[in-house]
Amino acid sequence: MKILAIETSCDETGIAVLEFAPLGTEPNLNKPKILFSVLSSQVDIHAKTAGIVPEIASRIHSEILPHFLIQVDQKIGLGNVDYIATTSSPGLLGSLLVGNNFSRMLSFLYNKPILAVDHIMGHFYSSFVKLPLNKIEFPALGLIVSGGHTALILATAKNKFKIIGGTRDDAAGEAFDKVARLLNLSYPGGPAISQAAAKIKNSPFKFTTPMLKSNDFDFSFSGLKTQVRQTVEKITSNCHPEQSEEAQPASSYKMDKKIRPVKSSLPEESMRLSNMVKSQIAFAAQTAIVDSLVKKSFSATTKYHPKTFILGGGVAANQLLREKLITELSVIMPKNKIFIPELKYATDNAAMIAIAGYMGLPKNITAWDKLETSSSSNL
Ligand code: KG4
Ligand code: ZN
């Protein structure tokens, strides 16, 4: 069975075709085969504005998709696929609509049903792009951490999901992005923060681990952002207040617009220190975010005793999170039951959408004129 998957929920345009064993066959054979996979990232374009401009994202998806589909047609034949899996929620509405309209058109032209996929489910299954799908044993617990979502999801069976914890404000990836902005690091913030943090082994700064004492599985990251902002403000206001703003070198601290302007400059010798301080703040912020994610995952695992633990979402690319999660969870569950996606499949891609489409069968089969697009998740 071949599934063509289309992912356009945010700023990555992805198309993949995966081949699966027919439903109901010996599960050990049920290892997907990637027949085609392409991904085009808009990160460099959105880095210029330090964030995504939705109209530009949609426009780029609509320019790129036809080229990718022509490639699929030449290599596999668009008429040779059995289903069209498409991310129909959540995400940027305009971006989702581009992918969904292409899917509707293909479904109509080739008479192939659509599989409506929730993007969060794509991340949930992203560890299994190259693994036999029977490795997922239920109940399975998933920590999905991306730029838009942070959720602990309990799956009691293939299509039975319950969100047992979520974020009360910023998503984990959003927290990385916002802290990076405060430190004038590049977009997206997650990789920039972890690169800055990797330059040092310890930090004199310490931020409170968010929601550590709450008795639920919820997260909150806006307080951390405030702590970082206040720390940056304090350091920069102590820094040569007598010098004028015009004298600032380009690499001195650039503050978020909401922070009062800083009449200070960093002299030549302290430019090195500024990078060091950035690394130290990045290190402390990363530690607080990761600790919060790991601690809540640990408590949820203790309570629900899942047979499988799954990490997913762009933040799953974070090395510290990957390491700490395995170290902590392997104390209470077998290491080989903890699944972490390959770096390539942690961030948005279409292969994971194909897996989620397959796993959602037959519940998710949708006629082209019944497909509903939504910016919020249907979970
Ligand atoms: O899943 P994803 O590609 O897109 C969404 O569905 O949102 O996740 C993007 C998020 C961004 O916030 C980015 O900063 C974060 O994932 N991210 C990371 C790392 N790589 C990407 N966060 C922490 N550490 C990383 N290495
Ligand atoms: Zn995503």
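Quick summary incoming for the structure in this document.

The rules behind these values
Residues numbered from 1 in each chain as written. Chains lettered and ligands numbered in written order. Predicted model: local features only at pLDDT ≥ 70, side-chain atom pairs only at ≥ 80, totals over all residues. Heavy atoms only, no water. Donors = N, O, S within 2.8 Å, 3.2 Å for Na, K, Ca; no water. Helix = DSSP H or I, 4+ residues; strand = E, 2+ residues; numbered from the N terminus. Buried < 20%, exposed > 50% of the residue type's maximum accessible area, 1.4 Å probe, protein only. Near = heavy atom within 4 Å. Polar contact = N/O pair within 3.5 Å; in protein donor to acceptor, adjacent residues only side chain to side chain. Areas by Shrake-Rupley, 256 points an atom, 1.4 Å probe, with all protein chains shown as cover. Nonpolar A, V, L, I, M, F, W, Y, C, P; charged D, E, K, R; others polar. Arc of directions from axis to C-beta.

On to the coordination of the zinc ion (ligand 2), then. Distances from the zinc ion (ligand 2) to its protein donors, H119 (NE2), H123 (NE2) and D348 (OD), fall at 2.0 to 2.1 Å. Each donor residue of the zinc ion (ligand 2) belongs to the same chain, with the gaps between them written as H-x3-H-x224-D. A residue pair is termed long-range when its members are at least 10 positions apart, and H123 in helix α4 (residues 119–124) and D348 in the loop between α10 (343–346) and α11 (351–359) qualify at 225 residues. Relative accessible area serves as the criterion here: at 1%, H123 is assigned to the buried category.

So, about the site of ligand 1. Taken together, 20 residues surround ligand 1, and among them H123, G147, D177, G190 and G314 come closest. In this structure, H123 approaches ligand 1 through a side-chain N or O atom, which is 3.0 Å from an oxygen atom. Contact distances for ligand 1 include 3.4 Å between an oxygen atom and a backbone N or O atom of G148. Coverage of ligand 1 by the protein amounts to 89% of the 550 Å² it exposes when considered alone. Ranked by the residues each element gives to the shell around ligand 1, the list is headed by helix α6 (residues 189–197), at 4 residues. When its residues are assigned to classes, the shell around ligand 1 shows 5 nonpolar, 13 polar and 2 charged.

Since the α-helix packs 3.6 residues into each turn, any two residues three or four apart lie on the same face. Those residues of α6 not exposed but buried are G189, G190, A192, I193, A196 and A197. Relative to the axis of α6, the buried residues are bounded by an arc of 170° and lie together on one face.

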